Structures are given as structure tokens and as C-alpha cells.
Amino acid sequence: ILSSPSVVDDMIVFGCNDTFVYALDKDGSKVWSYRTGDTVFSSPTCYKNYIVVGSSDGFLYTLSADGELKWKFLTGGKVWATPFIAEGVVYFGSNTGIFYALSIEDGKELWKFHVPNQEFFHSASVFNENIVFGSFGGTLYSISTTGRLLWKLHLGEHATQTPLILDKNNKEICSFRNRVFDKIPKGNKCKVLIGTGDSHFRCIDAETSKVIWKVFVNRLGASSPAFHKKIVCFGSTDGRIYGVIPEGTIKWKFQTNNRVVSAPVCRD
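Thresholds, definitions, all that
- Residues numbered from 1 in each chain as written.
- Predicted model: local features only at pLDDT ≥ 70, side-chain atom pairs only at ≥ 80, totals over all residues.
- Heavy atoms only, no water.
- Salt bridge = Lys/Arg side-chain N within 4 Å of Asp/Glu carboxyl O.
- Buried < 20%, exposed > 50% of the residue type's maximum accessible area, 1.4 Å probe, protein only.
- Helix = DSSP H or I, 4+ residues; strand = E, 2+ residues; numbered from the N terminus.
- Contact = heavy atoms within 4.5 Å.

Colleague: Before we go on, may I ask you to explain the pattern of salt bridges in this structure?
Modeller: Side chains carrying opposite charge are able to pair once their charged atoms draw close together. Counting across every chain of the model gives four salt bridges. Between Glu-172 and Arg-177 there is a salt bridge whose closest N-O contact spans 3.2 Å. The buried category is assigned to Glu-172, whose relative accessible area is 16%. The salt bridge partner of Asp-198 is Arg-202, with a shortest N-O separation of 2.7 Å. Among the residues examined, Arg-202 registers a relative accessible area of 7% and is labelled buried.

Below, the structure written as C-alpha cells:
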């Protein structure tokens, strides 16, 4: 199981390498399962009565909370990315190198943005009519919610984390955990925080694409950052979990027994 779980209507929903999407109740009993055509690496995103998830069979699936298919959209490439949803639009990338915007009602394509020879992991982030996402090739893209390129910044290799967006007061605007919105979130002088495979975790000005600061963290991978009580937390394939303050200093690190790929969740 590589798919991070989501919760909808007191059910735990996740994908599995056996090609199924599963829904369990709070006691761990299976409520339903839905079979796709290949492994489900993508994490489900739940919004109202919709469960949206990608599959390596090339489709993005939208299911009801009862596990019934509402619609599916063929991309032609593996969909490893986790979708995010804002104002009734589903945004996600396919390994064909195309980033899509679809209507959640019927799966109609609204627009698409081409990113040549790239693969997508995890989710994009949205704020102030901007969408920010990294690519496997190490480039960070900022596009408008109409699909127009605003800027791009090459950071090194493997920009596979979901960007964390903070405003000027270090309030969280968007993250891997926080990726569903009735209205696109707003923030003043936003910053994009993301780690890449060149072993640097960076803070970037969201308007100018200027790197504000960066810290060296050995062997960064796909563990997307979480934010809690002014600490940015993420894992690394060096086996550690790091806590970084928003000003760019490593406050602490914790050694685990193996590489950390999953995104942390912080509470209390």
C-alpha cells in the first residue's frame, strides 16, 4: 500500500497495489472496494460525495461515497499524482507530462498544461488563483487557474513533494493534508516550501520565484511537509524526520529505522 488514506463519512479510503480502492469502517471492516485496471499509488481526495483517485491504468476515477463509479477520465499515462479540488475543479498531473483541470460534476476537461517528459507525484497546491507543483525532473511550476504559465524554477532533481504554502505571517494556506477547498484560499506575500532530490529544502517567494532560503537535508525524497505550531515537519530517505522553523533553521531531527517516504500528520 503506497496510497495515503483519506477519511470520508467515517470511512477510511485508500488505494492498493492489488488494483483496488478500499473503504473501511472505523473498526477496520471492509465497506466496499472498487477495482481499477492497475496499481493505485495515488491518494484519494474526498470532497462532498466525491472520492477522486488516480490509477496506473491511466484513468482518473471519481467514485461516490458508496463506491459507485460516477465518471473516469483517460489520460493515456499512469496517474500517480494525488488530485486537489477547489471550487468544483479537479486538478492533477499525469505521467504523459500533462497537468489537467476537470469539472468534478462530469469529468469534462476544462484545460490542460503541457510539461514535457515529466512525471507527477503527490498533489499540487493552490492559492490566490495560482497553482504550484513540482515535477520528477526537478522543476517547480507556477501556473494560473486558467492554465497559463506564470513562472518556473529548476531546483535540482525530483521535486516530488506537495508544496506547503504559507502567508507572510506563517499561516498555512495549502498543503498535502489541506487540499480541498470550496473557495480558493487567499494569502498575502505567500511562500512556497518544498524539498527536492538535490538534498535541499527551500522557501521560495510565490510571486517572484526567488529563493528566500534553503537548508541542506541529506537525501530528501517524497515526504511532503506538514506545518504545526510554527514548525515545518517532513521525512527524508536518510531515515530522519526533520523539524524546520519557517525562517530556515533546522530545529530538531529524529532518527527512525529506515527511510521516510510518507507525509507526516501533526496534531496536538
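Next, the rest of the story.
Colleague: Can you help me understand the environment of Ile-173 in this one?
Modeller: Relative to the helices and strands, Ile-173 is located in strand S18 (residues 172-174). Taking the relative accessible area as the measure of exposure, Ile-173 reaches 6% and is therefore buried. Residues Ile-173 and Pro-163, spaced 10 residues apart in sequence, show a C-alpha to C-alpha distance of 11 Å. If near-sequence neighbours (up to four positions away) are discounted, Ile-173 is found in contact with Val-126, Phe-127, Ile-165, Leu-166, Asp-167, Asn-178, Phe-181, Pro-185, Lys-186, Gly-187 and Cys-190.

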